[in-house]
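As a plain string of letters, each chain reads:
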Amino acid sequence: MPLRAVIFDYGLVLSGPPEPGARARLLEISGLSPEAFDAYYWRYRLDYDRGTLNGHTYWQTIARDTGVFFSAEQIEALIEQDVLLWATIDPIMLEWVNRVRASGMKIAILSNMGEDLLAYMRENFGWLDRFHHLTWSCELNLIKPMAAIYEHTMEKLNVSADEALFLDDRQENVEGARAVGMHGLLFRGIHYLQEDLQREGLASQLPPLPDSNPNV
């Protein structure tokens, strides 16, 4: 069936790469080595995204497991810098979002997302209103690649699985989308997306990608 919807992950699809200054400040505040920080940062990230942990309990859990102590002030600073780590937007992708909507497609975001980054985005990213639906894992207590979170998004868009394309930077999340019948593409970067759409036979149904940084 023809596509009727494009569903985007947020992190590293609509967002740019992690902000280097924020990462440097996270390392400084935590006092952890880059290797230890990365290992423990991701160990409990899905629990944060699911809403099982909040920002405070997430960093307290990391402190416990690494044998360090974070004061209340340090935890607030870690939460703030963690938000800023993921707050840089890719303007080319956001322009393509505009083009996809203008073409008549429904658009949505489906993202594993903790409550602190989500609060920042709602306050600062007016462009979220352009989407027909927004699915945030922390509000549903579900995470990708669980089937129910994809099904929820399709139900809200009123589209069937074979009418929806899902873009994500993690292969396991793409496989989760495919498992429920959606078209799923691994997002490898803006420069590869047109090629990947053509390979999957979907490019003709979607507007072309921008070739320069737009004003957004």
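All values reported here derive from a predicted model rather than from experimental measurement.

Novice: So, the environment of alanine 119: which residues are in play, and what are the values?
Specialist: Note that alanine 119 resides in helix 7 (residues 115-124). A relative accessible area of 44% places alanine 119 in the partly exposed class.

Novice: Give a description of the nonpolar core that names residues and reports values.
Specialist: Within the largest apolar cluster, 59 residues are counted, with the highest numbers of intra-cluster contacts made by Phe8, Tyr10, Trp59, Trp96 and Trp127. With six residues, helix 6 (residues 91-102) is the single largest residue contributor to this core. Once residues within four sequence positions are removed from consideration, tyrosine 10 is found in contact with Ser15, Trp86, Ala87, Ile89, Ile109, Ser111, Met113, Leu117, Met121, Phe125 and Trp127. Residues Ala5, Ala108, Leu110 and Ile149 belong to the second largest nonpolar core, which totals 15 residues.

Novice: Help me get a handle on the side chain of threonine 153, residues and values and all.
Specialist: When you line up the elements, threonine 153 lands in helix 9 (residues 147-157). Side-chain polar atoms of threonine 153 contact the backbone oxygen of isoleucine 149, separated by 3.0 Å. The residues contacting threonine 153, other than those within four sequence positions of it, are Ile7, Ala108, Leu110, His133 and Thr135.

Novice: Before we move on, can you summarise the packing of aromatic side chains with the specific residues and values?
Specialist: Here a ring pair, both rings aromatic, is described through the centre-centre distance and the interplanar angle of the planes. Tallied over the full model, the rule gives 15 aromatic pairs. Measuring from ring centre to ring centre gives 6.3 Å for phenylalanine 8 and phenylalanine 131, while their planes differ by 80 degrees; the resulting arrangement is edge-to-face. Of this pair, phenylalanine 8 sits in strand 1 (residues 5-8) while phenylalanine 131 sits in the loop between helix 7 and strand 3 (133-136); the two residues are 123 residues apart in sequence, bridging distant segments of the chain. For phenylalanine 8, a relative accessible area of 0% puts it in the buried group. Among the aromatic side chains, those forming a connected cluster through ring pairs are Phe37, Tyr41, Trp42, Tyr48, Tyr58, Trp59, Phe70 and Trp86. Here the basic side chain of arginine 170 rests over the ring of tryptophan 42, its NZ or CZ set 5.1 Å away from the ring centre.

Thresholds, definitions, all that
- Residues numbered from 1 in each chain as written.
- Predicted model: local features only at pLDDT ≥ 70, side-chain atom pairs only at ≥ 80, totals over all residues.
- Heavy atoms only, no water.
- Helix = DSSP H or I, 4+ residues; strand = E, 2+ residues; numbered from the N terminus.
- Buried < 20%, exposed > 50% of the residue type's maximum accessible area, 1.4 Å probe, protein only.
- Core = buried A, V, L, I, M, F, W, Y, C linked by side-chain atoms within 4.5 Å.
- Contact = heavy atoms within 4.5 Å.
- Polar contact = N/O pair within 3.5 Å; in protein donor to acceptor, adjacent residues only side chain to side chain.
- Phe/Tyr/Trp six-rings, centres within 6.5 Å; stacked < 30°, edge-to-face > 60°.
- Lys NZ or Arg CZ within 6 Å of the ring centre and 35° of its normal.

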